[in-house]
Each structure stands twice: as structure tokens, then as C-alpha cells.
Amino acid sequence: MEKPVIREHMIQTLKQMPIKQKQQKETLILQLLFSSQIWQTAESVGVIRSLPFEFDTAAIFAKGFEQNKRIAVPKAQQKKLQFYHVEPTTRYEASAFGVEEPISEQEAHHLDLLIVPGLAFSKNGYRIGFGGGYYDRFLSAFDGKTVSLVFGEQFNDQWTPDVFDIPIDKIYTDSLIRT
């Protein structure tokens, strides 16, 4: 299958997931994340402000702030991602892609953990995102740990990763855990 076809199918699948079912899955996956050594040892965490149909990242912000972790949110600038530290009071503005980006100038120079979004995932940790290549470019030079939070419905092995695709270190899901 071609990536654009899988991408569009996954967007529709996520948009059609019943809210209660989505919330139950998120609760289970977040329990796995928050109890993991990767989370517990991370002092700085990069994470997106999710779109309504994506895995809701609000609890990650809340838990991170509660545990005094430094939270950073990306801005897309000139085909690259740059992460900026945020606080509970940080204001955001919508990007051209509709994603909330922080109004912050406090650049994050190091992240221990990056929570990588995506639409479809192979069981080997490769992902299909929205097609801009922002995360693959960022991951090519990233030396921290990477995790993705994935609903079982997002797994799809009917595609071949490109040479520039970089697998995620660990996937937390309601259907299996990749170690």
C-alpha cells in the first residue's frame, strides 16, 4: 500500500473512533508510559499539542508539570522542528497545519525523551506521519529516547519504510508493547 492511502485511511479511522473507547485506550496507554523507566528517568520531554482526533497529550503535560519535568513543544520552522520549553501558563498559536505551537523563545537544547506522533505504525517501530518529514529529519540527529503512544487500530505493516525513516525505540499501545 502507498503511504498517502494509509495516511488518509488512518485519519478517518481515528476520527471515527468513539470518544469513550478512545479515552479508555488512552488511559491504559498512559499508565504504561507513566510507569515506565523511560518516563521516570526523563528530566526533559518533547511532546506535541495534539489535534482532536490524535492521542490526547493533555495528561502528559499535566503529569510532566506535576513531576517537575521540563516539557518542550515543537515549532515547525523552515522544514525543521525546533522545540521550546513551556510552562502551564504558556500561550499557543495555531500553525499553518492547525497544530498549536508555543509562543515561547526558551529553546530546548536537550531532550531526554521525545514522544513521537504518527498516524500508522509498523510493529518494527516505523511510522507514517502527516508526510512533511519533519520528525524524520529531527530524529536523524536526536540522541535521546523515543516512544510513541499508539492505538491498536494504527498498526499497519502493509508498507515499506523509506531509507530516511527512523524507527521509534518503544511503542506503548493497548494491544502490544514493543521492547
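Not measured: the values here are computed from a predicted model. (Residues numbered from 1 in each chain as written. Predicted model: local features only at pLDDT ≥ 70, side-chain atom pairs only at ≥ 80, totals over all residues. Heavy atoms only, no water.)

J.: What exactly am I supposed to notice about the sheet that holds strand E1 (residues 44-46) here?
T.: Note: strands within a sheet are paired through backbone hydrogen bonds, in either parallel or antiparallel orientation. Ordered by their spatial adjacency, 6 strands build an open sheet running E3-E2-E1-E6-E9-E10, and the pairing between neighbours is mixed. The open sheet has two edge strands with one neighbour each: strand E3 (80-86) and strand E10 (170-173). Pairwise comparison of adjacent strand axes, ignoring direction, gives a mean angle of 30° for this sheet. Of the pairings in the sheet, the one linking E1 to strand E6 (residues 113-115) comprises 2 bridges and is parallel in character. Residue pairing for E6: Val45 is matched across the bridge by Leu113. Across the face of the sheet, helix H4 (residues 58-66) comes into contact with strand E2 (70-77), E3, E6 and strand E9 (145-150) while running at roughly 135° to E2. (Pairing = 2+ DSSP bridges. Helix = DSSP H or I, 4+ residues; strand = E, 2+ residues; numbered from the N terminus. Axes fitted to C-alpha atoms, helices over the stretch in contact; angles between N-to-C directions. Contact = heavy atoms within 4.5 Å.)

J.: When you look at H4 in this model, what are you seeing that I'm missing?
T.: Structurally, the α-helix is built with 3.6 residues per turn, so residues lying three or four positions apart point the same way. Those residues of H4 that sit buried are Ile60, Phe61 and Gly64. Seen along its axis, H4 keeps its buried residues to an arc of 100°; they face one direction. A positive backbone phi angle near 60° is found at Asn68, which sits one or two residues after H4. (Buried < 20%, exposed > 50% of the residue type's maximum accessible area, 1.4 Å probe, protein only. Arc of directions from axis to C-beta.)

J.: Which parts of the structure should I look at to understand the UniProt feature "binding site: substrate" (unreviewed entry) in the protein?
T.: Per the UniProt record, "binding site: substrate" (unreviewed entry) is annotated on Glu54. With respect to the element layout, Glu54 can be found in the loop between E1 and H4. Judged by relative accessible area, Glu54 falls into the buried class, the value being 7%. When near neighbours in sequence (up to four residues on either side) are disregarded, Glu54 contacts Lys22, Glu26, Ile48, Pro117 and Phe130. A distance of 2.7 Å separates the side chain of Glu54 from the backbone nitrogen of Leu51, its partner in a polar contact. (UniProt positions renumbered as here; feature names shortened; annotations may be inferred. Polar contact = N/O pair within 3.5 Å; in protein donor to acceptor, adjacent residues only side chain to side chain.)

J.: Please explain the layout of surface pockets as it appears in this structure.
T.: Unoccupied space between atoms shows up once a probe the size of one water molecule is rolled over them. Empty space within the largest pocket amounts to approximately 610 Å³. At the level of secondary structure, the elements contributing two or more residues to the lining of the largest pocket comprise helix H1 (3-16), E2, strand E8 (127-128) and helix H5 (134-139). Reported here for the second largest pocket is a volume of approximately 220 Å³. Along its surface, the second largest pocket is lined by Leu81, Gln82, Phe83, Ala108, His109, His110, Leu111, Phe138, Ala141, Phe142 and Asp143. The dominant element in the lining of the second largest pocket, judged by the number of residues it contributes, is E3, at 3 residues. (1 Å grid on protein atoms, 1.4 Å probe; cavity = no way out; pocket = protein on both sides within 12 Å on 5 of 7 lines; lining within 4 Å. Points joined across faces, edges and corners; volume = space filled by probe spheres on them.)

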